[in-house]
Amino acid sequence: MSTESDGPSVDEAVRTLLLLMPRLVGRAKRLPIPPALQSLDLAPRHLALLAHLEYDGPTSVNDLAARLEVAPTTVSLMVSELSRLGVLQRTADPGDRRRRIIAIAPAYVAPIGEWLSGSASAWESVMRGLGPAERTTVITALHAYEAALEQALHRNAQLR
């Protein structure tokens, strides 16, 4: 492996990450789904929405849409779907009765927490081994990678 001062070259780092990412995703997908959630046919898009509600608490459709960086109509459809299944509940906002607050239904709080805990504990283990600057670097790199993928998608769409 060729190195640049204290680490791999750009080419070697890219190669390593291209080989590593599918394994990471594959392992994350193999985390067991709690029995209470198995029959619900939940997809990764649901996991992101549920993670926001689990970690940030109840909120509005517009707030969820902003956090997920998708259109409010997309979140509204997911919320409707999960509400029909009984996973989410909508209540009136005490400050604005026209607005609805979305929350995880009490019966699903523990199973959703259990489902998210596998990934959370793995990340926690990794992050505890890093200093604050290293944690910042990891988070910044993953955000930058996401943005670069989005740019690549837009370029490919324009070529069609």
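Residues numbered from 1 in each chain as written. Predicted model: local features only at pLDDT ≥ 70, side-chain atom pairs only at ≥ 80, totals over all residues. Heavy atoms only, no water.

Caption draft 1: Inspection of helix α3 (residues 44-56) at higher detail. Here α3 is 13 residues long and its end C-alpha atoms lie 18 Å apart, about the 18 Å a rise of 1.5 Å per residue gives. Residues H46, L49, L50, A51 and L53 constitute the buried set of α3. Elements that come into contact with the buried residues of α3 comprise α4 (61-68), α5 (72-84), β3 (88-93), β4 (96-104) and α6 (106-128). Of the residues flanking the end of α3, it is G57, one or two places downstream, whose phi is positive at about 85°. (Helix = DSSP H or I, 4+ residues; strand = E, 2+ residues; numbered from the N terminus. Expected span 1.5 Å × (residues − 1). Buried < 20%, exposed > 50% of the residue type's maximum accessible area, 1.4 Å probe, protein only. Contact = heavy atoms within 4.5 Å.)

Caption draft 2: Broad picture of unusual backbone geometry. Of note in the backbone geometry, D41 takes a positive phi value of approximately 55° without being a glycine. Structurally, D41 is set in the loop between α2 (35-38) and α3. Positive phi outside glycine occurs at E69, with the angle close to 60°. Take E69: it is sitting in the loop between α4 and α5. Accessibility expressed as a relative area gives 67% for E69, which makes it exposed.

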